[in-house]
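# Residue-level structure breakdown
Each chain is listed here by its residues.
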Amino acid sequence: MTDTAKRKQLSPAWILFILAGLNLFNYVDRFVLSAVLTPLQKDLGINDGQAGRLMTAFMIGYFFTSPFFGWLGDRCSRKWLIAAGIFVWSLGTILTGFAATFAIMIAFRVLVGLGEASYATISPSLISDSYGPAKRNNALTIFYTGIPVGAALGTIIGGFIAAKWGWRYAFIWAGAPGLLLALVMLPFAELKRGHAEGKTVEAAKKPSVRDFVNLFCIREYMLVVLGYTAYTFALGAFGYWGPTFLHRVHGMALDRAGEFFGVVLVVAGLVGTMIGGFAATAWQKRNHAGYAWTLGLSVLAAVPLAFGAVVVSSTFWSMSFLAGAMFFLFLSTGPVNTLILETAPVNLRASAMAVSIFTIHLFGDMWSPEIVGRLADSFGGNLQKAILILPVALIVASAFWLVLALKTKRDSAHHSTPA
């Protein structure tokens, strides 16, 4: 018996627990930056446009390498790719705290993005192979609770450490745990692709370049991704500029603004993600378009709240509308990723996630923080006016997903009609 055969196989619950915990640290590292923007800008002497470019640099490392990791994820050992990704993003976060110049910091943020691309591309496909269709969306919903919880912790912890010891220490302490956590899955046996659905033979088939290109011909898949792109454009800029918006427009202390934004992220994000995911699973059992309806209607409901959060003069109402908008936006977190995986062939799940990541960031939040920052500069520092482009992006996202819901409903009715 080989050494590999002797290794214990993790149960689906343990795989989900470990990957969800690691995803939390993923977003802690990512959102520390937004919590320390003001002292960082002052220390390095950079304007809003350059501050936005730090997120652009992260996205370059993230989305440029995601197709490569998707290709590897459908062919190579996923646990080793995940471990490498965790180590690289953690190292990049720590090194960000030592950056002496803006140019050096740009390089380290690219490194963080490269590490996160490996993890974010491959982990969902591993969960998908652990859980069958009936339980998959709930499992992915739990995995993606790491987004609001990790983002909140990154914002809160980053702001607290920056206020006490300086912004550099916020990056150092955020990145340190990942250097050890990278090793956690290596002692266990590798899960076979297609395991949950009994399609290990089909999933073992190595996809060709033509198979990869054919993803763009799957209409349902493309509607999911296009809607996700517009959604990510808006959410990325909201997340990046949120604390700074409250500080600059409503006069909140920076640490208090970061704390509020963090609390809203963890409460609205966690509750919204869980409710949206589990409700969508129940809806999908009764309606084949349940996932798609959840996406389109939840984002549509967030539009007036997002607009109100930007334009009202009352700090209380701005904060209230912002919290409400974030709740509705997080309802779609689980179902959108489930649809990305389920609209693609079983042997292309990592690639499907990679194409999605590449697209949503190339045309979404790679540019939106910098676009908002440069609009603010062109408006004489008026960040409030610049952010008004974001609710428009949410309208576009809702439109794509509602078209998907209508198409799915029509196709389902067609297939159920007797010949």
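The preceding data block contains the structure.
Report follows, based on the coordinates. (Residues numbered from 1 in each chain as written. Predicted model: local features only at pLDDT ≥ 70, side-chain atom pairs only at ≥ 80, totals over all residues. Heavy atoms only, no water.)

### Topic: the environment of Pro 12
Within the secondary structure, Pro 12 sits in helix α2 (residues 12-35). Of the residues examined, Pro 12 reaches a relative accessible area of 35% and is grouped as partly exposed. Leaving out residues up to four positions away in the same chain, Pro 12 has contacts with Ser 130 and Tyr 131. (Helix = DSSP H or I, 4+ residues; strand = E, 2+ residues; numbered from the N terminus. Buried < 20%, exposed > 50% of the residue type's maximum accessible area, 1.4 Å probe, protein only. Contact = heavy atoms within 4.5 Å.)

### What to know about the nonpolar core
Residues Leu 19, Leu 40, Leu 54 and Ile 387 are the most contacted members of the largest nonpolar core, which totals 128 residues. In terms of residue count, helix α13 (residues 219-250) provides more of this core than any other element does, 16 residues in total. In contact with Leu 19, not counting residues within four places along its chain, are Ile 82, Tyr 119, Ser 123, Leu 126, Ile 127, Phe 143 and Met 185. (Core = buried A, V, L, I, M, F, W, Y, C linked by side-chain atoms within 4.5 Å.)

### Here we look at the pattern of salt bridges
A side chain of one charge can pair with a side chain of the opposite charge when the charged atoms of the two come close. Tallied over the entire structure, the rule returns 7 salt bridges. A salt bridge links Arg 53 to Glu 370; its shortest N-O distance comes to 3.6 Å. Of the two residues, Arg 53 sits in helix α4 (residues 48-73) while Glu 370 sits in helix α19 (residues 368-378), which places them 317 residues apart along the sequence. One salt bridge in this structure joins Arg 374 and Glu 370, with 3.0 Å as the shortest N-O distance. (Salt bridge = Lys/Arg side-chain N within 4 Å of Asp/Glu carboxyl O.)

### Some points on the packing of aromatic side chains
One pass over the structure, following the stated rule, counts 14 aromatic pairs. Each ring, one from Trp 14 and one from Phe 17, has its centre 5.5 Å from the other, and the planes form 85°; the classification is edge-to-face. Placement of the pair is Trp 14 and Phe 17 together in helix α2, with a separation of 3 residues, close to one helical turn. Stacked on the ring of Phe 379, the Lys or Arg Lys 385 has its end atom at 4.6 Å from the ring centre. (Phe/Tyr/Trp six-rings, centres within 6.5 Å; stacked < 30°, edge-to-face > 60°. Lys NZ or Arg CZ within 6 Å of the ring centre and 35° of its normal.)

### Some points on the layout of surface pockets
Within this model, the largest pocket holds a volume of roughly 350 Å³. Lining the largest pocket are 14 residues, and of these Glu 220, Gln 284, His 288, Leu 339 and Thr 408 lie nearest its centre. Elements represented by at least two residues in the lining of the largest pocket include exactly α15 (290-311), α17 (333-342) and α21 (389-416). It is α21 that provides the largest number of residues to the lining of the largest pocket, a total of 5 residues. Partitioned by chemical class, the residues of the lining of the largest pocket number 5 nonpolar, 6 polar and 3 charged. (1 Å grid on protein atoms, 1.4 Å probe; cavity = no way out; pocket = protein on both sides within 12 Å on 5 of 7 lines; lining within 4 Å. Points joined across faces, edges and corners; volume = space filled by probe spheres on them. Nonpolar A, V, L, I, M, F, W, Y, C, P; charged D, E, K, R; others polar.)

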